Amino acid sequence: MKSSEINDLFNTRTKRKIDRIYSNSKKKPGSNVYVASLYKKINNKKLIKTHLRNFIVLPLLINKRLAVHNGIVFNSFEAKINMIGKYFGEFSISYKFVNHGRPGLGASKSSRFIPLR
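Summarised in this report is the structure supplied together with it. On a predicted model such as this, the values are computed, not experimentally measured, just so you know.

1. Remarks on the overall build of the chain
Phase 1 of the analysis: If you tally the helices and strands in the chain, you get three helices and three strands.
Phase 2 of the analysis: Helices and strands in the chain line up, N terminus first, as α-α-α-β-β-β.
Phase 3 of the analysis: With 117 residues in all, the chain has 26% of them scored as buried.
Phase 4 of the analysis: Residue pairs in contact within the chain that sit at least 24 positions apart in sequence constitute 37% of those at least 6 positions apart.
Phase 5 of the analysis: On the chain, roughly 9100 Å² of surface is accessible, and the fraction owed to carbon and sulfur atoms is 55%.

This is the structure we're talking about:
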């Protein structure tokens, strides 16, 4: 793919972030080193484990197995074409969904009329 075709896949915010990654950044000198090591892993490994939740799914990651850390474990997924431009963190949820059940006894005035069993 040409760079102009790749740029059409991303929105403006993503384009700016990619430009910052590939430019010489004085704020984060280690970020380019980590990205370079990530690219080396792409060709060598079947599963790529990373803690980078703010990295963008690029076209060269298509059909690769990725595992993103959510704070407890690595959640693995396979990068598909419709994931281009999204962040790794969107595919590794870092919180547990809350399932609200029935209200407990004394939760409200109307709970007096809920049968206990």
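2. A look at the nonpolar core
In globular proteins that are soluble, nonpolar side chains generally tend to be buried together.
Phase 1 of the analysis: With 19 residues, the main nonpolar core has Leu66 and Phe88 as its most contacted residues.
Phase 2 of the analysis: Taken together, the elements giving at least two residues each to this core come down to helix H3 (31-44) and strand S2 (65-69).
Phase 3 of the analysis: Not counting chain neighbours up to four residues away, the residues in contact with leucine 66 comprise Leu47, Ile48, Leu61, Asn75, Ser76, Phe77, Ala79 and Phe88.

3. Here we look at the side chain of serine 92
Phase 1 of the analysis: Within the secondary structure, serine 92 is located in the segment after strand S3 (74-78).
Phase 2 of the analysis: The exposure class assigned to serine 92 is buried, which follows from its relative accessible area of 0%.
Phase 3 of the analysis: A distance of 3.2 Å separates a polar side-chain atom of serine 92 from the backbone oxygen of valine 68.

4. Some remarks on the pattern of salt bridges
Phase 1 of the analysis: Tallied over the entire structure, the rule returns one salt bridge.
Phase 2 of the analysis: Among the salt bridges present, the one from glutamate 78 reaches lysine 80, with a minimum N-O distance of 4.0 Å.
Phase 3 of the analysis: Taking relative accessible area as the criterion, glutamate 78 reaches 29% and is therefore assigned partly exposed.

5. What about a nonpolar patch on the surface?
Phase 1 of the analysis: Taken together, the side chains of Ile93, Tyr95 and Phe97 present a nonpolar region at the surface, about 350 Å² in accessible area.
Phase 2 of the analysis: Looking at the element boundaries, tyrosine 95 is found in the segment after S3.

6. What about the packing of aromatic side chains?
Phase 1 of the analysis: On inspection of all chains with the given rule, the structure shows four aromatic pairs.
Phase 2 of the analysis: Arranged with centres 6.4 Å apart and planes meeting at 70°, the rings of phenylalanine 77 and phenylalanine 88 form a pair that is edge-to-face. Within this pair, whereas phenylalanine 77 is found in strand S3, its partner phenylalanine 88 is found in the segment after S3, the two being separated by eleven residues in sequence. Phenylalanine 88 carries the same exposure label as phenylalanine 77, and that label is buried.

Analysis parameters
- Residues numbered from 1 in each chain as written.
- Predicted model: local features only at pLDDT ≥ 70, side-chain atom pairs only at ≥ 80, totals over all residues.
- Heavy atoms only, no water.
- Helix = DSSP H or I, 4+ residues; strand = E, 2+ residues; numbered from the N terminus.
- Buried < 20%, exposed > 50% of the residue type's maximum accessible area, 1.4 Å probe, protein only.
- Contact = heavy atoms within 4.5 Å.
- Areas by Shrake-Rupley, 256 points an atom, 1.4 Å probe, with all protein chains shown as cover.
- Core = buried A, V, L, I, M, F, W, Y, C linked by side-chain atoms within 4.5 Å.
- Polar contact = N/O pair within 3.5 Å; in protein donor to acceptor, adjacent residues only side chain to side chain.
- Salt bridge = Lys/Arg side-chain N within 4 Å of Asp/Glu carboxyl O.
- Patch = residues over 30% accessible without salt bridge, like charges linked within 9 Å, V, L, I, M, F, W, Y side chains within 5 Å.
- Phe/Tyr/Trp six-rings, centres within 6.5 Å; stacked < 30°, edge-to-face > 60°.

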